[in-house]
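# Breakdown of the fold
Now for the letters of each chain:
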Amino acid sequence: MNLKLKNTIILFFLFFLNIVFIISCNKNSDTNNKENKELSGNIILWHYDKNEANEIIKNYKNINKDSKITVKIKEINKSKYLDLLKKTLKSNSDDKPDIVVSDKENLFSIVNLKNCLEDLDNKKYNFNLYSNNMYEYSIESSKDEKGKQRAMGIEIDPGAIIYKKDLARKYLGRADEKNVTEFFSEYESIIETGKKLKEKSNDECKLFTNTNDFLNIYLANRKEGWINDGKLSIDDELDYFMKLTKRIDELNLDSEIKHNSNEWKEAIKDKIHFAFPVSFKKIEDIKKIQNDDLKFIQRWGIVKMQNQFFNNGIWYGIFKSSDKKDLAWEFIKYISTDKNYANKYKSKNDKFWNNISYIETQSKDKTLVSNFNGDNIIKNFSDMIDKKYKNLDTEYDKEINKLFIEYSNIYSKDVEDYYSVINDFKEETDNIIK
């Protein structure tokens with residue numbers, strides 16, 4: 001075969017491959033265009049907070065301008081949300097949502113509601129393609145009791161201890177986070193810190209406003225949930241919590257001020273109360289309480305107490321009998337996983353997105369240093385989060401937690417015998433879980 005013929009054959013072959021490639025691209029383009037045309041229409045979002053829903057949807061429209069999905073809101077009173085879902089499932093009503101929203105309070109009940117939410121582990125959703133970029137807390141909390149993924153978290157609300165650096169410097173001799181962390185590392189160190197504050201301030205400074213606010217931290221440290229094999233289980237961490245509240249009360253190390261009361265807001269600004277357990281979202285409220293007063297600039301430090309804890313989060317799920325599951329999924333997937341959406345989102349309040357790569361980028365941003373503590377708050381709270389999270393939720397948690405606080409207060413104030421209080425608590429809990 002001469003060189004000229006050989007080159008002609010090669011050119012013809014390359015031409016043929018190019019034609020095949022163009023046809024393939026046109027076919028894929030037609031398919032994508034067809035899919036995009038199909039992904040258009042109206043979907044119904046049931047939300048308990050219309051302002052929050054409007055903000056989410058407004059940002060979705062502004063950022064994802066090519067989307068032909070229109071999201072309409074039906075506001076449901078939060079206290080009636082779960083009952084209305086149950087009623088809708090039972091009646092098979094046409095007045096139904098395409099998307100269901102939940103915070104942590106109702107999440108366990110909703111994800112375990114029979115025939116309520118789609119299984120996002122299904123191949124048509126492929127949740128696992130996105131989960132590596134999400135926090136374990138959001139993933140594990142939204143699985144049902146059989147381990148099926150029923151919802152996708154869009155934001156989480158991690159917690160930490162904030163403390164007043166001026167009081168730490170004055171009474172404890174050190175104010176940097178690395179050293180102050182030791183003051184909250186275990187039961188005895190907490191008590192010793194409170195005693196030292198009290199002694200050095202001539203009985204003026206208080207360790208906490210109240211101890212009830214710390215229950216979330218001890219719940220997060222547990223190895224077992226409240227109910228195991230149908231029976232009440234009191235983890236060692238809750239034993240520590242009750243004994244800690246008793247000891248703090250005996251030594252008069254707190255002020256018994258109710259969270260979020262006017263007195264609590266004053267305590268945020270005073271030079272008496274040292275430390276507060278708060279969530280990421282609560283920082284915005286504290287900034288408002290301080291009202292940008294110059295004397296509060298960089299006053300606070302942020303540390304971890306023993307273990308990670310979370311206050312809340314927001315999860316979206318697809319209603320199982322929805323006729324527009326593909327539209328619902330496209331919307332949920334976008335607001336949950338798209339980094340561009342998180343980056344361009346406009347809000348009056350900061351959000352801790354359930355998007356690890358985005359949070360890592362924000363954590364490195366030196367322009368986000370806050371006057372609150374002289375540091376990047378997103379990084380501070382991100383550092384509090386462990387990679388692993390074990391979900392211990394049960395359907396009885398809300399009632400049992402409230403009851404446990406009541407009996408902890410009884411023990412700390414009125415009763416010396418720990419075991420009699422525990423027995424009374426167990427008896428009353430039995431009435432809840434029967």
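The rules behind these values
Residue numbers run consecutively from 1 along every chain, following the written order of its sequence. Whole-chain, interface and lining totals are the exception, using all residues; otherwise, since this is a predicted model, local features are given only for residues with pLDDT of at least 70 and side-chain atom pairs are given and counted only at 80 or more. The side-chain figures draw on all heavy atoms in the structure; neither hydrogens nor water molecules are used. We count a stretch as a helix when DSSP gives it H or I for four or more residues in a row; a strand needs E for two or more, and each element gets its number in order from the N terminus. Exposure is judged per residue with a 1.4 Å probe applied to protein chains only, and the accessible area is read against the type maximum: over 50% gives exposed, under 20% gives buried, and values in between give partly exposed. Only heavy atoms matter for contacts: two residues are in contact if any of them lie within 4.5 Å across the pair. For the area figures, the Shrake-Rupley method with a 1.4 Å probe applies, and any residue is considered shielded solely by the protein chains shown. Confidence scores here are pLDDT values: one per residue, from the predictor, ranging 0 to 100. Residues adjacent in sequence count toward polar contacts only when both atoms are side-chain atoms; beyond that, a polar contact is any pair of N or O atoms within 3.5 Å, and within protein one must be able to donate a hydrogen and the other to accept it. Each Phe, Tyr or Trp ring, with Trp reduced to its six-membered ring, pairs with another whose centre is within 6.5 Å; inter-plane angles below 30 degrees give stacked pairs, above 60 give edge-to-face pairs, and intermediate values give tilted ones. Whether a charge sits over a ring depends on NZ of Lys or CZ of Arg being within 6 Å of the ring centre and within 35 degrees of the ring normal. The definition of a nonpolar core used throughout is a set of buried Ala, Val, Leu, Ile, Met, Phe, Trp, Tyr and Cys residues joined through side-chain atoms within 4.5 Å. Pairing between two strands requires that DSSP report at least two bridges joining them. Every case where a carboxyl oxygen of Asp or Glu lies within 4 Å of a side-chain nitrogen of Lys or Arg is listed as a salt bridge. Expected helix span is computed as 1.5 Å times (number of residues minus one). Of all possible arcs, the one meant is that of the directions from the helix axis to the C-beta atoms.

## Overview of the overall build of the protein
Along the protein, the regular secondary structure elements total 19 helices and eleven strands. Along the first, second and third principal axes, the C-alpha atoms of the protein reach 100 × 55 × 45 Å. With 434 residues in all, the protein has 47% of them scored as buried. Taking the intrachain contacts of the protein between residues at least 6 apart in sequence as the baseline, contacts between residues at least 24 apart amount to 77%. As presented, the protein carries roughly 23300 Å² of accessible surface, and 46% of it is formed by carbon and sulfur atoms.

## Considering the confidence of the model for the protein
With 91% of its residues at a pLDDT of 70 or more, the protein has an overall mean of 89. Note on residues 19-37: pLDDT is under 50 here. Beyond four places in sequence and across chains, it has zero contacts.

## Description of the environment of Ser 347
Following the sequence through the fold, Ser 347 ends up in the loop between helix H15 (339-344) and helix H16 (356-363). Looking at Ser 347, the relative accessible area reads 33%, which means it is partly exposed. Within polar-contact distance, the side chain of Ser 347 engages the side chain of Glu 55 at 2.9 Å.

## A short note on the packing of aromatic side chains
Counting across every chain of the model gives 31 aromatic pairs. Over the face of the ring belonging to Tyr 418 we find Lys 243, whose NZ or CZ atom lies 5.2 Å from the ring centre. Sitting over the face of the ring of Tyr 411, Lys 246 holds its NZ or CZ atom 4.8 Å from the ring centroid.

## With respect to the nonpolar core
Ranked by internal contacts, the top residues of the largest apolar core, which has 78 residues, are Tyr 316 and Phe 331. A total of seven residues in this core trace back to one element, the largest contributor, which is helix H14 (residues 325-337). Setting aside its immediate chain neighbours within four residues, Phe 331 contacts Ile 43, Ile 56, Ile 57, Tyr 60, Ile 69, Val 71, Ile 99 and Tyr 316. Of all hydrophobic cores here, the second largest spans 48 residues; its members include Leu 167, Leu 232, Phe 309 and Leu 403.

## A few points about the pairing of strand S4 (residues 152-164)
Looking along a regular strand, one sees side chains alternate from face to face of the sheet. A large share of S4 lies buried, amounting to 13 of its 13 residues. Inspection of the sheet shows S4 paired to strand S7 (residues 275-279) by five bridges, in the antiparallel sense. In the sheet register, Ile 161 faces S7, and the bridge partner there is Pro 277. Both S4 and strand S8 (residues 300-303) contribute to a ladder of four bridges, which runs antiparallel. Each bridged residue has a counterpart across the sheet, and for Ile 162 the counterpart in S8 is Ile 302.

## Here's the deal with the pattern of salt bridges
Opposite charge on two side chains permits pairing when their charged atoms draw close. Throughout the structure, instances matching the rule amount to 29 salt bridges. In this structure, the salt-bridge partner of Lys 246 is Glu 416, at a minimum N-O distance of 3.6 Å. Of this pair, Lys 246 sits in helix H11 (residues 236-250) while Glu 416 is found in the loop between helix H18 (397-413) and helix H19 (418-433), placing the two residues 170 residues apart along the sequence. On the accessibility criterion, Lys 246 (6% relative accessible area) is buried. Across the pair Lys 413 and Asp 249 runs a salt bridge, and its minimum N-O distance is 3.0 Å.

## Re the environment of Glu 177
Relative to the helices and strands, Glu 177 is located in helix H8 (residues 177-180). For Glu 177, a relative accessible area of 25% gives the class partly exposed. If near-sequence neighbours (up to four positions away) are discounted, Glu 177 is found in contact with Tyr 163, Gly 301, Ile 302 and Val 303.

## Thoughts on helix H2 (residues 50-63)
Taking 1.5 Å of rise per residue, the 14 residues of H2 would be expected to cover 20 Å, and the 20 Å separating its terminal C-alpha atoms lies within 8% of that figure. Listed as buried for H2 are Glu 52, Ala 53, Ile 56, Ile 57, Asn 59, Tyr 60 and Ile 63. Axial view of H2: buried residues confined to an arc of 160°, hence all on one face. Exposed side of H2, more than 90 degrees from the buried face: Asn 51 and Lys 58 are the residues found there. Against strand S1 (40-47), strand S2 (68-75), S4, strand S9 (310-318), H14 and H15 lie the buried residues of H2. For H2, the capping residue at the N-terminal end is Asp 49, with a side-chain oxygen 3.2 Å from the backbone nitrogen of Asn 51.

## Here we look at unusual backbone geometry
Its identity is not glycine, yet Asn 252 carries a phi of approximately 55°, on the positive side. In this fold, Asn 252 is placed in the loop between H11 and helix H12 (262-269). Judged by its relative accessible area of 38%, Asn 252 is partly exposed.

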